[in-house]
Amino acid sequence: MLIKANVRSSLELMPGTRLLWLDAPAIAAAAHPGQFLMIRCGEDHDPVLRRPLSIHRTNSSGGVALLFEVVGRGTRWLAERVPGDCVDVLGPLGNGFMVRDDARDVLLVAGGIGIAPLAFLAEKMTEEGKKRVILLHGARRGELLLPEGQLPGATTVVDLSEDGSRGRRCLATDVMDEYAGEADQVFACGPAAMYRAMAELECLKGKSVQVSLEERMACGLGACYVCTIRTTKGLKQVCRDGPVFELADILWER
Ligand code: FES
């Protein structure tokens, strides 16, 4: 759906990372963890292309949250919106994470801003109360991890930072074998380098591992083919067929 959503609140949650709540009841009601929105980040079609952003949270009062890094002109424009401003939003789009009913133990792996859709997934799973959820929550520096209290309380959170300033000093892939053993399903969102490393890990072999891909997008609707990737099942569009894929299906370009 294409809507105009009013900004409810906006704050810098971590350095260079913004949390924006929009008033969008229809999207909040329809959204599934792992789906995304295409946001027009400017006035008068400048910049021309919308920005794809993962849905970070929803709430029962019709709020939809986006968590995004301010990395260019479009996201800077979005970061400057204040309560009452209007944002042009298309979505929810794409296919999100698929959680099996029989999965009891679930491992989530977030690298950097990859926490955005995984927080939504963790919240949904712990709401149902049927799953044990462990979240490996990693970033380059401790200050880039979500602040305490911003993640669902019932989830076991393991903080990791590359500089050791918060939690364990390591990458998520360094400690995955400690946590993956019991997991019936694994869900990840982070940089491609993390996925490539995960694809080599013995502890994940034979497990269902779903990863959310970040590709450049233009239309977000499967029409322009800008986001095409190679998989064992043929060429796929990240926006329409994903952004969530089975890790074992992805054929990485060399
Ligand atoms: Fe156009 Fe995916 S962004 S096909």
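Residues numbered from 1 in each chain as written. Predicted model: local features only at pLDDT ≥ 70, side-chain atom pairs only at ≥ 80, totals over all residues. Heavy atoms only, no water.

Asks: What am I meant to see in the environment of tyrosine 195 here?
Replies: Here tyrosine 195 shows up in helix 5 (residues 192–200). Separated by 52 residues in the primary sequence, tyrosine 195 and leucine 247 have C-alpha atoms spaced 7.4 Å apart. If we skip the residues at most four places from it in the chain, tyrosine 195 touches Ala188, Cys189, Gly190, Val211, Ser212, Leu213, Leu247 and Trp252. A polar side-chain atom of tyrosine 195 sits 2.5 Å from the main-chain carbonyl oxygen of serine 212. (Helix = DSSP H or I, 4+ residues; strand = E, 2+ residues; numbered from the N terminus. Contact = heavy atoms within 4.5 Å. Polar contact = N/O pair within 3.5 Å; in protein donor to acceptor, adjacent residues only side chain to side chain.)

Asks: Even after reading the chapter, I still don't get helix 4 (residues 172–179), so can you show me in this structure?
Replies: Helical geometry note: an α-helix holds 3.6 residues per turn, so side chains three or four residues apart project in the same direction. Three or more residues of helix 4 are buried, namely Ala172, Thr173, Val175 and Met176. Along helix 4, the residues classed as buried sweep out an arc of 160 degrees about the axis, all on the same side. (Buried < 20%, exposed > 50% of the residue type's maximum accessible area, 1.4 Å probe, protein only. Arc of directions from axis to C-beta.)

Asks: Explain the packing of aromatic side chains to me, please; I cannot follow it from the model alone.
Replies: Any aromatic ring pair is given by two values, namely how distant the centres are and how the planes are angled relative to each other. For the structure shown, the criterion picks out two aromatic pairs. Judged by centre distance (5.6 Å) and plane angle (80 degrees), the rings of phenylalanine 97 and phenylalanine 187 are edge-to-face. Remark: phenylalanine 187 occurs in strand 12 (residues 185–189) and phenylalanine 97 occurs in the loop between strand 7 (86–93) and strand 8 (105–111); sequence separation between them is 90 residues. Classification of phenylalanine 97 as buried rests on a relative accessible area of 1%. (Phe/Tyr/Trp six-rings, centres within 6.5 Å; stacked < 30°, edge-to-face > 60°.)

Asks: What exactly am I supposed to notice about the sheet that holds strand 10 (residues 156–161) here?
Replies: Consider a sheet: its strands pair through backbone hydrogen bonds, and that pairing is either parallel or antiparallel. In space, the seven strands of this open sheet follow the order 11-10-9-8-12-13-16, with mixed pairing throughout. The open sheet is flanked by strand 11 (168–169) and strand 16 (244–246), the only strands paired with a single partner. The pairing of strand 10 with strand 11 spans two bridges and is parallel. Along strand 11, the bridge assignment pairs leucine 160 with arginine 168. (Pairing = 2+ DSSP bridges.)

Asks: Looking at this structure, how should I read the nonpolar core?
Replies: One recurring pattern in soluble globular proteins is that nonpolar side chains are buried together. Leu108, Val109, Leu136, Met176, Tyr195 and Met198 are the most contacted members of the largest nonpolar core, which has 59 residues in total. A total of seven residues in this core trace back to one element, the largest contributor, which is helix 3 (residues 115–128). Apart from the residues lying within four places of it in its own chain, the contact partners of methionine 198 are Thr173, Met176, Val186, Ala188, Leu204, Val209 and Leu247. Ranked by size, the runner-up nonpolar core spans 23 residues in total, among them Val7, Leu37, Leu53 and Phe120. (Core = buried A, V, L, I, M, F, W, Y, C linked by side-chain atoms within 4.5 Å.)

Asks: Explain the pairing of strand 7 here, please?
Replies: It is a general feature of regular strands that their side chains alternate between the two faces of the sheet. By the criterion of burial, strand 7 is predominantly enclosed, with seven of the eight residues buried. Here strand 1 (residues 2–14) pairs with strand 7 via five bridges, running antiparallel. The partner of alanine 5 across the bridge, within strand 7, is valine 87. Sheet topology note: the strand 3 (residues 36–39)/strand 7 ladder contains three bridges and is antiparallel. Across the sheet, phenylalanine 36 pairs through a bridge with leucine 93, a residue of strand 7.

Asks: What is the right way to read helix 5 from this model?
Replies: Looking only at helix 5, the buried set comprises Met194, Tyr195 and Met198. Viewed end-on, helix 5 has its buried residues packed into an arc of 100 degrees, placing them on one side of the element. Facing away from the buried surface of helix 5 by more than 90 degrees, the exposed residues are Ala193 and Glu200. Its buried side turned inward, helix 5 meets strand 8, helix 4, strand 12 and strand 13 (208–212).

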